[in-house]
Amino acid sequence: MNADDADETLYPIAVLIDELKHEDASLRVNAVRRLATIALALGPERTRDELIPFLEDSIDDEDEVLLVLAEELGSFVDYVGGAQYGHLLLPTLETLAAVEETVVRDKAVDSISKIGVLLGQQQIEEHYIPMIRRLSIGDWFTSRTSACGLYAPAYSLSTPSTQEELRRLYAQLCNDDTPMVRRAAGTHLAKLTKKVSKEHVLSEIIPLFRHLAVDEQDSVRLLTVESLVAIAEILSPEEVKSQILESLRSMCADKSWRVRYMIADKFVQLAKAVGADIVREELITAFVALLKDNEAEVRTAAAGQVPGFSTLIDQEFVLREILPCVKELVLDTSQHVRAALATQISGLAPFLGKEHTTDHLLPLFLQLLKDETPEVRLNIISKLDRVNEVIGIEVLSQSLLPAIIELQEDKQWRVRLAIIENIPLLASQLGVAFFDEKLADLCMNWLGDSVFSIREAATINLRKLTEVFGVEWAKQAIIPKILAMSTHENYLYRMTTVFALTAIASAVNGDALRDNILPTVITLAADPIPNIRFNVAKCFEQIIPLAKKANLGSTVIAEQIKPALAKLAEDSDNDVRYYAQRAAATA
């Protein structure tokens, strides 16, 4: 190798060294993000021999640099020569897994786990397991915390004797003096449970779970809920009763609301795991207690589980036990509880059937539609289609339509938007006569709304309605009203006319395009407001392909659109000229 070649191969790592020593942290972050490129330039052998050792010596840096380094190394296996050399990345990540900053440690654990599943059994035994041992008995709680996340990926790849050692070390972490370590052990116990044989779950994992489930720190107890679900999924219903039912009862009634919140949040998962008998004998009562909990956060989480849990029990229990609680929650003092319920309550309709939905749920829908909190109203409107599938549009329109019409002028624009998005569904079910009588004016009023998103949604709504009811209906019912807005003194109405005609153009036939839409668009091309003129040019860009498709090319495009675009192409406004030239290119 001559001197020039040597300089060239050393250049990438020299640049990296300079940038990693730069006083500007953002430059050091960017340098670490380019590690893959540098590794490619060096090749696998030099990456192993030079780059990795250099990185090991560069770990004394700011957290933002270390975070990126921990992330990059997780996908570095290919750059060191494949899985057979993957273990060479572990020492650097082991150091990162013991630093003080939590996000860096978590990212290092993620990267070690990604590499761990690629390693062979010999590498696991010689490199990965010793690393777990060192981290598990480290002096600082940071290393012991990180160690908890590394057991599950390695467990099934280890020999039986090593597995035994791993279970023993994990038991030590579950009994650690530091709450942060016990928290991490509680968090990762569920993952380890899924890897361990049922025999060892019964003999070793369940005692660890019980120990953590009665920890003096509620921050530890709440993290055992996932483990409870994982253990229940492995055990038979009889084993659940004998092994973990007592813990389940205690957790449902825990003195800390945060533990009860976690139970409420995972309730459906838990109910599916424990089996129908325990659900019927124990969990219905527990769920009712959570729905009536003193803490709003717990009631919010429980409200989100109502439909899912109801499908697991008989309808008579839902009507007798769950529905009375739901009726109370509709009037709950916390808006978050009512909002969560509004999102979920329609999920009960398919399960209860038409009669019970009409008798029990419709009055609650009405109550929620009139709620003082916009989010509650929005959530109930957004899920109306589920109710419609069960009770039919006739009952829905009679009972809920007056409330929906009332909400068309809601102060919160998102509520108005949700109603607009549901209009095509209502229209297709109600039929044209009912729509024209009750909702047609409503749809036109939205075109004049003060919020742009509403006006935009209203134009899309008109296109969808045209698709539902047909072109002839549009020519009689809505196009004349849109055209009338084209002469309004307020330019926003004229602008909305352009948007509405552009939206409808794709849903009408050639005749309607030629006779109803184009004349008004061409007139608006001479509007004094530049914004309207460049939107007309954008409209032409949409209309020209439609006109060609409808075989209007020779007459309409040549005699009407092209002269209008030629005039716009000489406009005094730059944007108008730009869009006119772009539209002319399609003609």
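Cut-offs used in this document
- Residues numbered from 1 in each chain as written.
- Predicted model: local features only at pLDDT ≥ 70, side-chain atom pairs only at ≥ 80, totals over all residues.
- Heavy atoms only, no water.
- Helix = DSSP H or I, 4+ residues; strand = E, 2+ residues; numbered from the N terminus.
- Buried < 20%, exposed > 50% of the residue type's maximum accessible area, 1.4 Å probe, protein only.
- Lys, Arg positive; Asp, Glu negative; His and termini not counted.
- Charge placed at Lys NZ, Arg CZ, Asp CG, Glu CD.
- Core = buried A, V, L, I, M, F, W, Y, C linked by side-chain atoms within 4.5 Å.
- Contact = heavy atoms within 4.5 Å.
- Phe/Tyr/Trp six-rings, centres within 6.5 Å; stacked < 30°, edge-to-face > 60°.
- Axes fitted to C-alpha atoms, helices over the stretch in contact; angles between N-to-C directions.
- Parallel < 35°, antiparallel > 145°, perpendicular 65-115°, else oblique.
- Left-handed = near helix turned anticlockwise from the far one by under 90°.
- Nonpolar A, V, L, I, M, F, W, Y, C, P; charged D, E, K, R; others polar.
- Disulfide = S-S within 2.5 Å.
- 1 Å grid on protein atoms, 1.4 Å probe; cavity = no way out; pocket = protein on both sides within 12 Å on 5 of 7 lines; lining within 4 Å.
- Points joined across faces, edges and corners; volume = space filled by probe spheres on them.
- Patch = residues over 30% accessible without salt bridge, like charges linked within 9 Å, V, L, I, M, F, W, Y side chains within 5 Å.
- Areas by Shrake-Rupley, 256 points an atom, 1.4 Å probe, with all protein chains shown as cover.
- Salt bridge = Lys/Arg side-chain N within 4 Å of Asp/Glu carboxyl O.

Student: Got a minute to help me understand the overall build of the chain in this structure?
Tutor: Within the chain, the regular secondary structure consists of 38 helices and zero strands. Expressed along its principal axes, the backbone C-alpha trace of the chain runs to roughly 85 × 85 × 35 Å. The buried share among the 587 residues of the chain stands at 52%. Taken as two groups, the 59 positive and 85 negative side-chain charges of the chain have centres that lie 5 Å from each other.

Student: I tried to follow the nonpolar core on my own but got confused; where do I start?
Tutor: Within the largest apolar cluster, 191 residues are counted, with the highest numbers of intra-cluster contacts made by Tyr128, Tyr170, Phe309, Ile322, Ile345, Phe435 and Phe540. Not counting residues up to four positions away in its chain, the partners in contact with Ile322 are Phe287, Val288, Leu291, Val306, Phe309, Ser310, Ile313 and Phe317.

Student: Before we go on, may I ask you to explain the packing of aromatic side chains in this structure?
Tutor: The final tally for this structure, using the stated rule, is nine aromatic pairs. On the numbers, 5.1 Å between centres and 80° between planes, the contact of Tyr151 with Tyr170 is edge-to-face. Here the residue Tyr151 occupies a position in helix α10 (residues 151–155), and Tyr170 occupies one in helix α11 (residues 160–174), the gap between them amounting to 19 residues. Summarising the aromatic geometry, the rings of Phe287 and Phe309 are spaced 4.6 Å apart at their centres and angled 45° between planes, so their arrangement reads as tilted. Here Phe287, found in helix α20 (residues 276–291), pairs with Phe309, found in helix α22 (residues 306–310); they are 22 residues apart in sequence, far enough to count as distant. The burial state of Phe287 is the same as that of Phe309; both residues are buried.

Student: Explain the packing of helix α35 (residues 510–524) against helix α36 (residues 530–549) here, please?
Tutor: Two elements in contact, α35 and α36, have axes whose closest approach is 9 Å; the angle formed by their N-to-C orientations is 155°. Considering the angle they form, α35 stands roughly antiparallel to α36. The element α35 and its partner α36 pack so that their crossing is left-handed. For the pair α35 and α36, the contacting residues are Leu513, Ile517, Leu518, Val521, Ile522 and Leu524 in the first and Ile532, Arg533, Val536, Cys539, Phe540, Ile543, Leu546 and Ala547 in the second. When grouped by side-chain class, the residues that make up the contact of α35 with α36 number 13 nonpolar, no polar and one charged.

Student: Explanation requested: the state of the cysteines in the structure shown.
Tutor: Every disulfide links exactly two cysteines, by a covalent bond between their sulfur atoms. Within this structure, the stated rule accounts for zero disulfides. Looking at the unpaired Cys252, the closest cysteine sulfur is the one in Cys325, lying at 14 Å. Among the residues examined, Cys252 registers a relative accessible area of 11% and is labelled buried.

Student: Any chance you could explain the environment of Ile405 here in plain terms?
Tutor: Assignment of secondary structure puts Ile405 in helix α27 (residues 384–407). Expressed as a C-alpha distance, the spacing of Ile405 and Ile419, which sit 14 residues apart in the sequence, is 8.8 Å.

Student: Would you mind going over the layout of surface pockets with me for this structure?
Tutor: Gaps between atoms show up when a probe of the same size as a water molecule is rolled over them. Approximately 320 Å³ is the volume found for the largest pocket. Forming the walls of the largest pocket are 16 residues, and the residues nearest its centre are Thr102, Asp106, Thr145, Ala184 and His188. The set of elements that each furnish at least two residues to the lining of the largest pocket consists of α7 (102–116), α9 (141–148) and α12 (179–195). Broken down by class, the residue content of the lining of the largest pocket amounts to four nonpolar, seven polar and five charged.

Student: Help me understand a negative patch on the surface in this model?
Tutor: Taken together, the side chains of Asp63, Glu64, Glu100 and Glu101 define an acidic patch exposed on the protein surface. Following the sequence through the fold, Glu64 ends up in helix α5 (residues 63–73). Using a relative accessible area of 43% as the deciding quantity, one classes Glu64 as partly exposed.

Student: It is not clear to me how the packing of α7 against helix α8 (residues 121–136) should be interpreted in this structure. Could you clarify?
Tutor: Helices that pack against each other are described as a pair by the angle of their axes relative to one another and the distance between those axes. Where α7 meets α8, the closest approach of the two axes is 12 Å, and the angle between their N-to-C directions is 160°. In terms of orientation, α7 lies roughly antiparallel with respect to α8. The crossing of α7 and α8 is left-handed. Contact residues: Ile112, Ser113 and Gly116 in α7; Ile124, Tyr128 and Met131 in α8. For the contact of α7 with α8, a count of residues per class yields four nonpolar, two polar and no charged.

Student: When you look at the environment of Gly510 in this model, what are you seeing that I'm missing?
Tutor: Looking at the element boundaries, Gly510 is found in helix α35. With a relative accessible area of 14%, Gly510 lands in the buried category. Taking the C-alpha atoms as reference points, Gly510 and Ser203, separated by 307 residues in sequence, lie 77 Å from one another.

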